[in-house]
Amino acid sequence: HCGTCGRTGKKTIVEKVKVDIPKGGINSTILVRGKGDEYDGLPPNDIIFRVVVKEHPVFTIDNYDLHKTEKINVFDLLLGTEVEFETLDGKVKVKIGKLTPMDKVFRLVGKGLNHPNGSRGNLYLHISCEMPKSLTEEQENMIKILRDGE
């Protein structure tokens with residue numbers, strides 16, 4: 001006996017296995033044939049890998065669609081602005097029209113995750129209203145004038 005198997009006739013072999021995750025392979029399983037355990041002269045078993053997408057710090061995932069919330073200053077929502085933000089493909093600009101409601105959702109077609117059929121999901125940009133931390137007396141008076149229509 002060779003002393004490496006503890007007289008079981010079996011030994012542990014650690015081997016690296018290359019696994020290609022196809023585009024759109026989120027929350028899927030990948031089968032690698034013939035690389036699993038071997039028992040008593042039988043052919044080697046298969047290995048099954050489960051692909052699970054980790055939580056992203058910026059985007060939430062809904063199937064192949066992505067969601068992102070962007071804080072916009074209340075005055076920019078009133079007057080309109082242009083917002084630049086990062087997507088999976090790089091930076092994009094979105095025009096926020098004047099008097100945009102704070103619950104507005106913009107759909108960016110094809111900016112989501114890859115689908116196995118070759119298409120892509122969408123990116124949904126949710127607008128969140130960011131209020132100022134404080135107002136000067138002059139600013140407060142100007143807002144009151146606007147509110148009261150004077």
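Going by the structure above, here's the rest.
In short, a report on the structure. (Residues numbered from 1 in each chain as written. Predicted model: local features only at pLDDT ≥ 70, side-chain atom pairs only at ≥ 80, totals over all residues. Heavy atoms only, no water.)

Glancing now at the overall build of the protein chain. Helix and strand counts for the protein chain come out as two helices and eight strands. Traced from its N-terminal end to its C-terminal end, the protein chain shows the element sequence β-β-β-β-α-β-β-β-β-α. When its C-alpha atoms are laid out on the principal axes, the protein chain stretches across 100 × 35 × 20 Å. Looking at the protein chain as a whole, 23% of its 150 residues qualify as buried. Relative to all contacts within the protein chain whose residues are 6 or more apart in sequence, the contacts with residues 24 or more apart total 41%. Approximately 11,800 Å² of the protein chain is accessible, and the part contributed by carbon and sulfur atoms is 52%. When the 23 positive and 22 negative side-chain charges of the protein chain are each reduced to one mean point, those points stand 8 Å apart. (Helix = DSSP H or I, 4+ residues; strand = E, 2+ residues; numbered from the N terminus. Buried < 20%, exposed > 50% of the residue type's maximum accessible area, 1.4 Å probe, protein only. Contact = heavy atoms within 4.5 Å. Areas by Shrake-Rupley, 256 points an atom, 1.4 Å probe, with all protein chains shown as cover. Lys, Arg positive; Asp, Glu negative; His and termini not counted. Charge placed at Lys NZ, Arg CZ, Asp CG, Glu CD.)

Note: α-helices contain 3.6 residues per turn, so residues at a spacing of three or four share the same orientation. Between the first and last C-alpha of helix α2 (residues 137-148) there are 16 Å, a value that for twelve residues agrees with the 16 Å anticipated at 1.5 Å per step. Two residues or fewer past α2, G149 is found with a positive phi of approximately 70°. (Expected span 1.5 Å × (residues − 1).)

Let us now look at the sheet that holds strand β8 (residues 123-130). The strand order β3-β4-β8-β7 describes an open sheet built from four strands, whose pairing is mixed. Whereas interior strands pair on both sides, the edge strands pair on one side only; in this sheet they are β3 (60-62) and β7 (105-108). Taken pair by pair, the neighbouring strands of this sheet meet at an average axis angle of 30°, ignoring direction. With four bridges connecting them, β7 and β8 associate as antiparallel partners. (Pairing = 2+ DSSP bridges. Axes fitted to C-alpha atoms, helices over the stretch in contact; angles between N-to-C directions.)

Positionally, H67 belongs in strand β4 (residues 65-73). Only 2.8 Å separates the side chain of H67 from the side chain of H126, close enough to count as a polar contact. Among residues more than four places away in sequence, those in contact with H67 are V58, F59, T60, D62, L123, Y124 and H126. (Polar contact = N/O pair within 3.5 Å; in protein donor to acceptor, adjacent residues only side chain to side chain.)

Attention now moves to the packing of aromatic side chains. For any pair of aromatic rings, the description consists of the separation of the ring centres together with the inter-plane angle of the planes. On inspection of all chains with the given rule, the structure shows zero aromatic pairs. K104 extends its terminal NZ or CZ atom over the ring of F106, reaching a point 5.2 Å from the ring centre. (Phe/Tyr/Trp six-rings, centres within 6.5 Å; stacked < 30°, edge-to-face > 60°. Lys NZ or Arg CZ within 6 Å of the ring centre and 35° of its normal.)

Within this structure, the stated rule accounts for ten salt bridges. Residues D20 and K18 are paired through a salt bridge, measuring 4.0 Å at the closest nitrogen-oxygen approach. In this pair, the class of D20 matches that of K18, namely exposed. In this structure, K91 engages E84 in a salt bridge whose closest nitrogen and oxygen atoms are separated by 3.9 Å. A single network of salt bridges, built from pairs that share partners, joins D89, K111 and R120. (Salt bridge = Lys/Arg side-chain N within 4 Å of Asp/Glu carboxyl O.)

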